[in-house]
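Summary of the model geometry
Read off the chains here:
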Amino acid sequence: MKKITLHLQAELEIPDHWEIVELDHGAQMLKIGDKFVDFDIAPLTATSNEEDTVWTDEDEEVTAQVLDAVTGLDTMLELD
């Protein structure tokens, strides 16, 4: 079996009233009103490699296979 490492970095411009909070168990979350938002990976699939193809997460079987292969995931939030 092979192992791959995925490095994913995203930058969001958010309203001033959104905030990063740390929950009792130490996890950081984005807080929007009374909702807590976490980030995860969502694999997308397509049936073509053409430039204008549509990528979706609708293939539940492939999505489940990819997510089952995840052996570790860590997120870190910071405000600039």
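Scroll up for the structure.
Read on for an overview of the structure. Model, not experiment: these values are computed from the prediction.

**Describing the layout of surface pockets**
Empty space among the atoms becomes visible once a probe the size of a water molecule is rolled across them. By volume, the largest pocket amounts to about 1600 Å³. As for the largest pocket, its lining consists of 34 residues, and the residues nearest its centre are H7, L8, Q9, D74 and T75. Residue classes in the lining of the largest pocket are distributed as 20 nonpolar, six polar and eight charged.

**A look at the pairing of strand 1 (residues 19-22)**
Consecutive residues of a regular strand have side chains that alternate between opposite faces of the sheet. Pairing of strand 1 with strand 2 (residues 28-32) involves four bridges; the strand directions are antiparallel. Directly across from V21, in strand 2, lies its bridge partner M29. Linking two consecutive strands that pair antiparallel, namely strand 1 and strand 2, is a turn of five residues; a positive phi of about 95° is found at G26 within it.

**What to know about the side chain of T63**
For T63, the location among the structural elements is in helix 1 (residues 60-69). The contact partners of T63, leaving out residues within four places of it in the chain, are P43 and D57.

**Points about the environment of G72**
Along the polypeptide, G72 turns up in the segment after helix 1. For the pair formed by G72 and L12, sequence separation is 60 residues and the distance between their alpha carbons is 23 Å.

**Points about the sheet that holds strand 3 (residues 35-37)**
What the three strands build is an open sheet, ordered 1-2-3; its pairing is antiparallel. The strands lining the two open edges of the sheet, one partner per strand, are strand 1 and strand 3. Direction aside, the axes of adjacent strands within the sheet are offset by 45° on average. For strand 2 and strand 3, the ladder comprises three bridges, and the chain directions are antiparallel. Within strand 3, the position partnered with K31 by the bridge is F36.

**Digging into a nonpolar patch on the surface**
Nonpolar side chains collect at one region of the surface, where L67, V70 and L73 lie side by side and expose about 230 Å² of accessible area between them. Here L67 shows up in helix 1.

Calculation criteria
- Residues numbered from 1 in each chain as written.
- Predicted model: local features only at pLDDT ≥ 70, side-chain atom pairs only at ≥ 80, totals over all residues.
- Heavy atoms only, no water.
- 1 Å grid on protein atoms, 1.4 Å probe; cavity = no way out; pocket = protein on both sides within 12 Å on 5 of 7 lines; lining within 4 Å.
- Points joined across faces, edges and corners; volume = space filled by probe spheres on them.
- Nonpolar A, V, L, I, M, F, W, Y, C, P; charged D, E, K, R; others polar.
- Pairing = 2+ DSSP bridges.
- Helix = DSSP H or I, 4+ residues; strand = E, 2+ residues; numbered from the N terminus.
- Contact = heavy atoms within 4.5 Å.
- Axes fitted to C-alpha atoms, helices over the stretch in contact; angles between N-to-C directions.
- Patch = residues over 30% accessible without salt bridge, like charges linked within 9 Å, V, L, I, M, F, W, Y side chains within 5 Å.
- Areas by Shrake-Rupley, 256 points an atom, 1.4 Å probe, with all protein chains shown as cover.
- Salt bridge = Lys/Arg side-chain N within 4 Å of Asp/Glu carboxyl O.

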